[in-house]
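# A closer look at the structure
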Amino acid sequence: MLVEDDKAAIIEIQHRLKELGYSNLIFASMGEEALQKAIGFRPDLILMDIFLKGEIDGVEAARQIEAKLKIPIVYITGHTDYDTLQRAKVTEPYGYVFKPFTKVELATVIETAMYRYQVEKELIEAKQWLSTTLQSISEAVITTNKAGLITFMNPAAEALTDWTQAASLGKNITEIFNIIKEETHAPSENSVVKILRKGMVSSFKDYNLLVTKNGVEKPIIHSASPIKNKEDEIIGVVLIFRDVSNEKATEQRQKLAHELGRRLTMLLDSQDLLLETVNSLKNTFGYYHTHIYLFYEVAKETSSGQAKKEGILVVGEGTGEAGATMKKQRHHIPLNAKRSLVARAARTHRAVVVNNVTQHRSHLPNPLLPETRSESAIPLLLGERLIGVLDVQHNKLKHFNADEIRMLQTVADQLSVALSNAQFFTENTRRSAIIENSSDLIALIDLNDFTIIDINPAGVRMAGYESLDEVIGLPITELCPSEKLNRFKQQLIQSTVKQNLWRGENFLRRVNGMLVPIDQTIFVIRNVQSEPTMLATIVRDITQRKETDQALQRYAERLKILRDIDRSILTAQSSEEVARVALKHLQKLLPCSHASVMLFNLKKMTTIMLAYIGHLNQQEVNNRIGQQYPLIDQAAIEELQKGQVLIVDDILALTPPPIKQFATTEGIRSTICVPLIAQNELIGSLNLGSDQTNNFGTEHIDIAREVADSLSIAIQQARLYQQIHAHAEELEQRVEERTAELQSFAYSVSHDLRAPLRAIQGFADALLEDYAQDLDLVGIDYAQRVVSAAQRMDTLIQDLLIYSRLSRDDIQLKPIALENILSDMLNELESYLQDAEITIRQPLPRVIGHHTTLLQILTNLTTNAVKFVAHGVRPQVKIWTEQRQDMIRLWVEDNGIGIALEHQERIFRIFERLHGIESYPGTGVGLAIVQKAVFRLNGRVGLESAPGEGSKFWIELLKG
């Protein structure tokens, strides 16, 4: 669209545009009309005259169009004042066309503007793509610049730190990411500061505490990595962290549960045991209500008069007024009750968990507990024998997760043992209790010689003997060897025992010599005079508990390794690296001799291998990585697409193996193949193999699924990162190529323009010399103006050629004497400087530079110093140097008109002029040449100046 109110200019511009192939033109003559037509037609480019008739001029029209439509605008202007140009610059135009102009100039400006607009648009889209990715991940992410000042913060980081991105931008990372050590609360070294100081990658640390903006301390784990440019220089840091409060809370609750269980086993009174349990659970873990039902069998007469046993669950103890009321009323539930979570847990011998009782049909509301919202009933079992039910209620929905149930199960197991022991010691006949009431080893021990005088049948079987007679008379220390137990025996013999029991973990030595882990308690049995009469011992086989503890340890190790995998793959930047890291950690968790990660192309039914670990040598692995293989088994692919794990317990038993492409080397007997699914699409598989048959169990499959889920997300993120990175490199390459083309084009155009200029100047000179007598004063003036304009244009072209060559020429830097450069400059400018006073002070040291380029710099600075002085003032120029560490700064000082501070930066831009051509001649390219030339010499340029006080320009170069 062309916005111009001068009809002659419209005709000329339209003619030029048609010559360039732009025929579909829209015209407007006023700013208001331009705004309306821009909204209606949305042109690709607007040529806007700065001065327009009407209420708004071209600058204001451009500002409104830019604000609403983001259409590139090129200004058309002739000679104008400085203030108007400043207003125009604020609207950030895509170029200027100065009247009068040629077709080549117009084409160059339009093409440059359109290309710049497209590049900026693509860069904005790429930045938005990357920003959306970072905003959507669950990990907290903060980025900084090389000074440690925050440049980005995603929503997860805002939530963790209590800082908003708007408030944190530009602040130092140590102010926002304030971490302290968990145990001592001493300040912890900030990983970002460490990277910026040492250039090291900071891996995930142990738990630290993040102090938020509001002073809240949150446990976190974090990592930080440097952000580098193409020159491998650190330009910033990316910090990733997450809240681990839930993990810490789970560990603490499990620890408290174990401590409670140990306390319970020390209590021998049943009532004390029940009361301690319910109160500890409520006070320690904050439950709304806790009570314990005990299981009894009662006789009930049938209609035929026969007796029938019926199971009931009776409240043995509860918390608060509700618990006291239920205990007093002997509240009970029949074992066969349909609407009772407690009865259901007792019948099935399984924990029953309801996280919203209002929507569960098996829940029977209790008017004494109106605030119950979630409930868990855990059966108390001793082997297969039901003792009762632990019932725990909470006033919040969805409170009981898997970790909470495991904690309650730990308490329930310990409580079952403790209740069994307590019940044994409350029986009227201890011998009867030994025989009938326990599946553990329970024996009576002679107080004098520590030999067994009686033992229950379960104890005989546990010790591996066939009859009671084989065990009677054996020293208990023979069956249960322990130094602590021997010391307890000596204390008994010496009558120095002050406590009534000894308890500890021990080993039971079976008759075949096998050692079984046990939990052993020895009680002193006293008569009515409190005199010791005998000992009783209870021995419980804790093999299962030990295995459970080991399983918990394995589970904790599993969580730790899974966290390590998550941390490692989050910092990886390619799909291949993600896969390699995951497989490396996975070997610590699973019994696999081979593992691989494959990516699928379901359209082509092919797959490639990303990573492999196994028996192959490195050369064989390299040959397989990145190779394409056909996906033969369509049925297997369909199962993977459904999220199913493919399991083969023995590959050789199948004909043919349905997933043989995953068996990456000979010798694999069993495999599991886990789908990698991202955004509901199958992208590949995680394949594990073993040289043993039936090698993978349920736990292994669960672990592989967890790793596959993390792996799928990480591969997808790595793909996005690689696409963004490749797109950015492509854009950068296109900009470089286009810039080179434009520079070559500018050089060719500038060179070709000199030929017609020489003809114009030659004919004008000839006209003045040969036909001056035939011209009047106006004609002579016109001819002289043509000569002057041709000379200025030739000078401008010369400057453009110099400016263009500075970008293309190969400059070889070497030590050069400044004294020689200044001598050559004075010789070249001898006639130009004859009316000026030039002062050059020693020393003039050697610098690293290029003779021609440095001569051009000093020539431009010196001619400017002589030119820009007030009328009638003799120019005075002073040149000297000073050393600054390994740099030499050369000064060129004048007594000229000076430059205001607000203009000192823009004077180095090409075509920037502070004064009209009639006041001070020039092309507006000289200082742009100086700046580009100094840059090519790896130096710096600047000035110190004030209006009316002269100027001091300086350049800094490396010392030669």
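Residues numbered from 1 in each chain as written. Predicted model: local features only at pLDDT ≥ 70, side-chain atom pairs only at ≥ 80, totals over all residues. Heavy atoms only, no water.

Right, let's get into the overall build of the protein. Scanning the protein for helices and strands turns up 27 helices and 35 strands. Within the protein, buried positions represent 43% of all 960 residues. For the protein, the accessible surface area stands at approximately 50400 Å², while carbon and sulfur atoms represent 50% of it. (Helix = DSSP H or I, 4+ residues; strand = E, 2+ residues; numbered from the N terminus. Buried < 20%, exposed > 50% of the residue type's maximum accessible area, 1.4 Å probe, protein only. Areas by Shrake-Rupley, 256 points an atom, 1.4 Å probe, with all protein chains shown as cover.)

Ordered by their spatial adjacency, six strands build an open sheet running S25-S24-S23-S28-S27-S26, and the pairing between neighbours is antiparallel. Each end of this open sheet is capped by a strand with a single partner; those strands are strand S25 (628-630) and strand S26 (646-648). This sheet shows a mean twist of 25° between the axes of neighbouring strands, independent of strand direction. The pairing of S26 with strand S27 (residues 670-678) spans three bridges and is classified as antiparallel. Bridging from a neighbouring strand, Leu 646 pairs with Cys 673 of S27. The strands touched by helix H20 (residues 575-586) within the sheet are strand S23 (594-601), strand S24 (606-613) and strand S28 (681-690), with S24 carrying the most contacts at an inclination of about 50°. Most of the contacts of helix H22 (residues 634-641) go to S27, to which it runs at about 55°, and overall it touches S23, S26, S27 and S28. (Pairing = 2+ DSSP bridges. Axes fitted to C-alpha atoms, helices over the stretch in contact; angles between N-to-C directions. Contact = heavy atoms within 4.5 Å.)

Let us now look at the packing of aromatic side chains. One pass over the structure, following the stated rule, counts five aromatic pairs. An angle of 50° between the planes, with centres 5.0 Å apart, marks the rings of Phe 177 and Phe 241 as tilted. Of this pair, Phe 177 sits in the loop between helix H8 (173-176) and strand S8 (178-181) while Phe 241 sits in strand S11 (residues 234-243), and the two are 64 residues apart along the sequence. For Phe 177, a relative accessible area of 1% gives the class buried. Take Phe 241: its relative accessible area is 0%, and that puts it in the buried class. When the centroid spacing of 5.8 Å and the interplanar angle of 10° are considered together, the rings of Trp 880 and Trp 891 count as stacked. (Phe/Tyr/Trp six-rings, centres within 6.5 Å; stacked < 30°, edge-to-face > 60°.)

This part takes up the sheet that holds strand S9 (residues 208-211). What the six strands build is an open sheet, ordered S7-S6-S11-S10-S9-S8; its pairing is antiparallel. At either margin of the open sheet sits one strand with a lone partner, and together these are strand S7 (150-153) and S8. The sheet shows a mean angle of 40° between the axes of neighbouring strands, taken without regard to direction. Bridge count for strand S6 (residues 140-145) against S7 is three bridges, and the pairing is antiparallel. Bridged to Thr 144 within S7 is Ile 150.

In contact at an axis separation of 9 Å, helix H26 (residues 851-867) and helix H27 (residues 926-936) are set at 145° when each is read in the N-to-C sense. The crossing of H26 and H27 is left-handed. Of H27, the residues touching H26 (which contributes Thr 853, Gln 856, Ile 857, Asn 860, Leu 861 and Asn 864) are Gly 926, Leu 927, Ile 929, Val 930, Ala 933 and Val 934. Across the contact of H26 with H27, the residue classes break down as seven nonpolar, five polar and no charged. (Left-handed = near helix turned anticlockwise from the far one by under 90°. Nonpolar A, V, L, I, M, F, W, Y, C, P; charged D, E, K, R; others polar.)

Moving on, we get to a positive patch on the surface. A contiguous patch of positive charge, built from Lys 338, Arg 344, Arg 347 and Arg 361, is present on the exposed surface. Checked against the element boundaries, Lys 338 lands in the loop between strand S14 (332-334) and helix H13 (341-348). Under the relative-accessibility criterion, Lys 338 is labelled exposed at 70%. (Patch = residues over 30% accessible without salt bridge, like charges linked within 9 Å, V, L, I, M, F, W, Y side chains within 5 Å. Salt bridge = Lys/Arg side-chain N within 4 Å of Asp/Glu carboxyl O. Lys, Arg positive; Asp, Glu negative; His and termini not counted. Charge placed at Lys NZ, Arg CZ, Asp CG, Glu CD.)

Before going further, it helps to spend a moment on the environment of Phe 953. Tracing the backbone shows Phe 953 in strand S35 (residues 951-958). Given a relative accessible area of 8%, Phe 953 falls into the buried group. Placed 59 residues apart in sequence, Phe 953 and Asp 894 show a C-alpha to C-alpha distance of 8.8 Å. If we skip the residues at most four places from it in the chain, Phe 953 touches Leu 861, Leu 890, Trp 891, Val 892, Ile 899, Ile 907, Phe 908, Leu 927, Gly 942 and Leu 943.

Let us look at the side chain of Thr 277. Inspection of the secondary structure assignment puts Thr 277 in helix H11 (residues 270-285). According to the relative accessible area criterion, Thr 277 is buried, its value standing at 0%. Apart from the residues lying within four places of it in its own chain, the contact partners of Thr 277 are Leu 264, Ile 292 and Leu 415.

Time to look at unusual backbone geometry. Residue Pro 843 follows Gln 842 across a cis peptide bond; omega there is 5°. Mapped onto the elements, Pro 843 comes out in the loop between strand S30 (837-840) and strand S31 (846-849). Phi at Met 605 is positive, roughly 55°, even though this residue is not glycine. Position of Met 605 relative to the elements: it lies in the loop between S23 and S24.

Here we take up the pattern of salt bridges. The full count for this structure, using the stated rule, is 15 salt bridges. Measuring nitrogen to oxygen at the nearest pair gives 3.9 Å for the salt bridge that ties Glu 478 to Arg 509. Taken as a pair, Glu 478 in helix H17 (residues 476-479) and Arg 509 in strand S20 (residues 501-509) lie far apart in primary sequence, 31 residues in all. Given a relative accessible area of 41%, Glu 478 falls into the partly exposed group. Lys 546 is paired through a salt bridge with Glu 505; the nearest N and O atoms lie 2.9 Å apart. Residue Lys 546 is found in helix H19 (residues 543-571), and its partner Glu 505 is found in strand S20; the two are separated by 41 residues along the sequence. Since its relative accessible area comes to 28%, Lys 546 is described here as partly exposed. On the basis of relative accessible area, Glu 505 is assigned to the partly exposed category, the value being 47%. Here the salt bridges do not stand alone but share partners, grouping Glu 505, Asp 519, Arg 545 and Lys 546 into one network.

Summary statistics for the protein give a mean pLDDT of 80 and a share of 84% for residues scoring 70 or more. Across residues 657-664, confidence stays below pLDDT 50; counting only partners more than four residues off in sequence or on other chains, it has 25 contacts. (pLDDT = per-residue confidence, 0-100.)

Attention shifts here to the nonpolar core. Counting residues in each nonpolar core, the largest one holds 35 residues, and the members touching the most others are Leu 854, Ile 857, Leu 861, Phe 953 and Ile 955. Where this core is concerned, the elements lending two or more residues are helix H25 (818-828), H26, strand S32 (876-884), strand S33 (887-894), H27 and S35. In terms of residue count, the dominant contributor to this core is H26 (seven residues). Leu 589, Ala 611, Val 674 and Ala 714 belong to the second-largest nonpolar core, a separate cluster that totals 31 residues. (Core = buried A, V, L, I, M, F, W, Y, C linked by side-chain atoms within 4.5 Å.)

Turning next to the pairing of strand S17 (residues 385-394). For S17, a buried count of nine out of 10 residues is recorded, marking the element as mostly surrounded by other parts of the structure. Summarising the sheet, strand S16 (residues 374-382) and S17 pair through nine bridges and their orientation is antiparallel. Within the sheet, the bridge partner assigned to Ser 374 lies in S17 and is His 394. Between S16 and S17, which follow one another and run antiparallel, lie two residues, and Gly 383 among them has a positive phi close to 70°.

Let's shift gears to the packing of H25 against H26. Put simply, H25 and H26 touch, their axes get as near as 10 Å, and they point 55° apart. Relative to H26, H25 is oriented oblique. Handedness of the H25/H26 crossing: right-handed. In this structure, H25 contributes Leu 818, Ile 821, Leu 822, Asp 824, Met 825 and Glu 828 to the contact, and H26 contributes His 851, Leu 854, Leu 855, Leu 858, Thr 859 and Thr 862. Partitioning the contact of H25 with H26 into residue classes produces seven nonpolar, three polar and two charged. (Parallel < 35°, antiparallel > 145°, perpendicular 65-115°, else oblique.)

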